Amino acid sequence: MAVKIRLLRMGKIRHPQYRIVVADSRTKRDGKAIEFVGLYHPKEEPSRIEVNSERVQYWLGVGAQASDPVKAILSKTGDWQKFKGLPAPEALKVAAPKADKNAAYEAEALAAGGEAKAEEKPKKKAPAKKAEEPKAEAAEDTKSTDEETAGGDAAAES
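Topic: the overall build of the protein
Part 1 of the argument: The helix and strand tally for the protein stands at 5 helices and 5 strands.
Part 2 of the argument: Element order for the protein, N to C, with α for helix and β for strand: β-β-β-β-α-β-α-α-α-α.
Part 3 of the argument: In the protein, which comprises 158 residues, the proportion classed as buried is 22%.
Part 4 of the argument: Contacts in the protein between residues far apart in sequence, at least 24 positions, make up 30% of those at least 6 positions apart.
Part 5 of the argument: Entry remark: accessible area of the protein is about 12,600 Å², with carbon and sulfur atoms responsible for 53%.

And the structure:
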């Protein structure tokens, strides 16, 4: 069976998102895949590329043929050079981490002269403690009644 590593298109019209898959060369573009090995989202800035390098190296090692677009993606991640024994490429651009929305909100609240944190609702107390107190009182009552009955039996015997 001839195996290829190729792109499987997903997403909406004019907003493509691809999965990098290992599939039989005779299947349709979006048909059944043997294994899913990565992602490629070209519309994001910078393009999102995630590749499971270990699995790609395995499939290339057992004879899977990469399509031209997948070769380009693997060249950017360094997997193609690793397979061919060539020097690694320069590092990929990585998207900046997103700012924490809660921290930004609190900073704006301070700048506006308001309170830094909104008043928090008091937490509900656990009703288990209330339930334990009557049980403890009930236990004391039963002990006292047991002692009275035991004492009454002892008095009756003498």
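Comments concerning the pairing of strand β3 (residues 35-41)
Part 1 of the argument: A large share of β3 lies buried, amounting to 6 of its 7 residues.
Part 2 of the argument: Here strand β2 (residues 15-24) runs beside β3; their pairing, made up of 5 bridges, is antiparallel. Among the inter-strand pairings, Y18 is bridged to a residue of β3, identified as Y40.
Part 3 of the argument: Hairpin connection between β3 and strand β4 (residues 48-51): a loop of 6 residues separates the two successive antiparallel strands.

Quick notes on the nonpolar core
Part 1 of the argument: Core analysis: the largest hydrophobic core is formed by 18 residues, its most contacted members being I5, I20, W59, L60 and V70.
Part 2 of the argument: Among all residues touching V70, those that are not within four sequence positions of it are I5, R6, L7 and I20.

Observations regarding the packing of aromatic side chains
Part 1 of the argument: Overall, the coordinates contain 3 aromatic pairs when judged by the stated rule.
Part 2 of the argument: Judged by centre distance (5.3 Å) and plane angle (75°), the ring pair of Y58 and W59 falls under edge-to-face.
Part 3 of the argument: On the accessibility criterion, Y58 (40% relative accessible area) is partly exposed.
Part 4 of the argument: With 5.7 Å between their ring centres and 45° between their planes, W80 and F83 make a pair best called tilted. Taken as a pair, W80 and F83 lie in helix α3 (residues 79-84) at a separation of 3 residues, close to a single helical turn.
Part 5 of the argument: Taking the relative accessible area as the measure of exposure, W80 reaches 15% and is therefore buried.

Describing the sheet that holds β4
Part 1 of the argument: The strand order across the open sheet built from 5 strands is β4-β3-β2-β1-β5, with neighbouring strands paired in mixed fashion. With partners counted over all chains shown, the strands left at the sheet margins are β4 and β5 (65-66), one partner each.
Part 2 of the argument: Judged from the 2 bridges that link them, strand β1 (residues 3-12) and β5 form a sheet pairing that is parallel. Bridge pairing in β5 places K4 opposite Q65.
Part 3 of the argument: Packing of helix α1 (residues 53-61) onto the sheet brings it into contact with β1, β2, β3, β4 and β5, and relative to β3 it is tilted by some 120°.

Regarding the pairing of β2
Part 1 of the argument: Among the 10 residues in β2, 7 count as buried, and that is most of the element.
Part 2 of the argument: Here 10 bridges tie β1 to β2, and the two strands are oriented antiparallel to one another. Each residue of the ladder has a partner; that of R9, found in β2, is Y18.
Part 3 of the argument: Between β1 and β2, which pair antiparallel one after the other, the connecting turn spans 2 residues, and R14 there sits at a positive phi close to 65°.

What counts, and where the lines are drawn
Every residue gets a number counted from 1 within its own chain, in the order that chain's sequence is written. Where totals are concerned, whole chains, interfaces and linings use all residues; where local detail is concerned, this predicted model gives features only for residues with pLDDT of at least 70, and gives and counts side-chain atom pairs only at 80 or more. Excluding hydrogens and water, the side-chain figures rest on all heavy atoms present in the structure. Strands here mean DSSP runs of E at least two residues long; helices mean DSSP runs of H or I at least four residues long; both are numbered from the N terminus. Note on classification: 1.4 Å probe, protein chains only; a residue is buried when its accessible area is under 20% of the maximum for its type, exposed when over 50%, partly exposed between these limits. Whether two residues are in contact is decided by their heavy atoms, any of which lying within 4.5 Å being enough. The method behind every accessible area is Shrake-Rupley, applied with a 1.4 Å probe, and residues are considered shielded solely by the protein chains displayed. Two strands form a pair only when DSSP identifies at least two bridges running between them. Among the buried residues, those of types Ala, Val, Leu, Ile, Met, Phe, Trp, Tyr and Cys that are joined through side-chain atoms within 4.5 Å form a nonpolar core. Only centres within 6.5 Å qualify two rings of Phe, Tyr or Trp (six-membered ring in Trp) as a pair; their planes then separate them into stacked at under 30 degrees, edge-to-face at over 60, and tilted for everything else. Throughout, an axis means a line fitted to C-alpha atoms (over the contacting stretch in the case of helices), and angles, computed between N-to-C directions, take values from 0 to 180 degrees.

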